[in-house]
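# Coordinate analysis (summary)
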Amino acid sequence: MKSTHFLASAAAATSLIVLAPATSAHAAGRADIAKSILRTQGITLATAHDSGVNDSATAKKNIQDTARGKKAKRSNYGNAPGGSVALNKTMLNAMLKLRASKRFTFKVTEVAGGSHSVGSKHYMGRAFDVGTVNGSRVSPSGSGYTKAKKFMKACKAYGAVLVLGPGDAGHSTHVHCQW
């Protein structure tokens, strides 16, 4: 009787080994969210960097790679470290929620790519930048300012731990949302 119990336990333990690791489930979740972002009207993803540097780490390419179950590429110029990173699921979900609220259309200018400050959360897949909100370019005055401030408040409501924009050093032309 004991030997049968032992064999059943050994068989159960063996079956656990062949199960997919938890990271695969997380990657699948990320991929599904990224696919939804790609299909969502009102979220535009930049296909070039504002810096003019041409590489395969644009916002659109980052989301496309994630949708394919791959890591997002990071740029390799300026302060950017190169390599790749898995994008944060909470951040990706927030992108969808920002659009689903029907209050915002927006253009994501950077995710993991581009050159940012040393140690930026972009390089950890935990931040994205937005250059246009509801058809207005983010700016330090006028409607670009007003719309950016509303967007910033919404990012915080969806869990962003750091939000920078007009009025913050180095962020007069974009909103930085970080998880």
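Everything below is about the structure shown above.
Let me begin by describing the structure that accompanies this report. Given the structure is predicted, the values throughout are model-derived calculations rather than measurements.

The subject of this paragraph is the environment of Met91. Along the polypeptide, Met91 turns up in helix H4 (residues 89-100). Residue class for Met91 comes out buried when judged on its relative accessible area of 0%. On a C-alpha basis, the gap between Met91 and Ala127 in space is 7.1 Å, while along the polypeptide they are 36 residues apart. If we ignore the near neighbours within four places in the chain, the residues touching Met91 are Val111, Gly125, Arg126, Ala127, Phe128 and Trp179.

For H4, with twelve residues, the first-to-last C-alpha span of 16 Å sits near the 16 Å given by 1.5 Å per residue. Among the residues of H4, those classed as buried are Met91, Leu92, Ala94, Met95, Leu96, Leu98 and Arg99. Two residues or fewer after H4 comes Lys102, characterised by a positive phi angle close to 65°.

Before going further, it helps to examine the pairing of strand E5 (residues 127-133). Of all seven residues making up E5, seven are buried, and the element is well covered by its neighbours. In the sheet, strand E4 (residues 106-110) pairs with E5 via four bridges, with the strands oriented antiparallel. Each residue of the ladder has a partner; that of Val108, found in E5, is Val130. When E5 meets strand E8 (residues 175-178), the two strands line up antiparallel, connected through four bridges. Its bridge partner being in E8, Ala127 is matched across the sheet by Gln178.

This paragraph deals with the nonpolar core. Membership of the largest hydrophobic core comes to 37 residues, with the highest contact counts inside it found for Ile37, Leu87, Val108, Phe128, Phe151 and Val175. Residue assignment for this core shows that the elements contributing at least two residues are helix H2 (22-39), strand E1 (43-45), helix H3 (59-67), H4, E4, E5, helix H5 (142-157) and E8. The element that contributes the greatest number of residues to this core is H4, accounting for six residues. Discounting residues that sit within four places of it in the chain, Val108 has contacts with Ile43, Thr44, Leu45, Ala46, Ala59, Met95, Phe128, Asp129 and Val130.

Looking now at the pattern of salt bridges. Here the structure, examined in full by the defined rule, presents three salt bridges. Here Arg137 makes a salt bridge to Asp50, at a shortest N to O gap of 3.9 Å. Residue Arg137 is located in strand E6 (residues 136-137), and its partner Asp50 is located in the loop between E1 and H3; the two are separated by 87 residues in the primary sequence. Judged by relative accessible area, which is 43%, Arg137 ranks as partly exposed. Residue Lys61 pairs with Asp65 through a salt bridge whose shortest N-O separation is 3.1 Å. Remark: Asp65 and Lys61 occur in helix H3; sequence separation between them is four residues, near one turn of the helix.

This model, assessed by the stated rule, comprises three aromatic pairs. Centre to centre, the rings of Phe104 and Phe151 are 5.2 Å apart; their planes meet at 85°, and the pair counts as edge-to-face. With Phe104 in the loop between H4 and E4 and Phe151 in helix H5, this pair connects stretches of sequence that are 47 residues apart. Across the pair, exposure class does not vary: Phe104 and Phe151 are buried alike. Aromatic side chains Phe128 and Trp179 sit 5.6 Å apart centroid to centroid with 15° between the ring planes, which places their arrangement in the stacked category. Placement of Phe128 in strand E5 and of Trp179 in the segment after E8 is noted, with a sequence separation of 51 residues between them. The class of Phe128 is buried, set by a relative accessible area of 0%. What links up through ring pairs into an aromatic cluster is the set Phe104, Phe106 and Phe151.

The rules behind each value
Residues numbered from 1 in each chain as written. Predicted model: local features only at pLDDT ≥ 70, side-chain atom pairs only at ≥ 80, totals over all residues. Heavy atoms only, no water. Helix = DSSP H or I, 4+ residues; strand = E, 2+ residues; numbered from the N terminus. Buried < 20%, exposed > 50% of the residue type's maximum accessible area, 1.4 Å probe, protein only. Contact = heavy atoms within 4.5 Å. Expected span 1.5 Å × (residues − 1). Pairing = 2+ DSSP bridges. Core = buried A, V, L, I, M, F, W, Y, C linked by side-chain atoms within 4.5 Å. Salt bridge = Lys/Arg side-chain N within 4 Å of Asp/Glu carboxyl O. Phe/Tyr/Trp six-rings, centres within 6.5 Å; stacked < 30°, edge-to-face > 60°.

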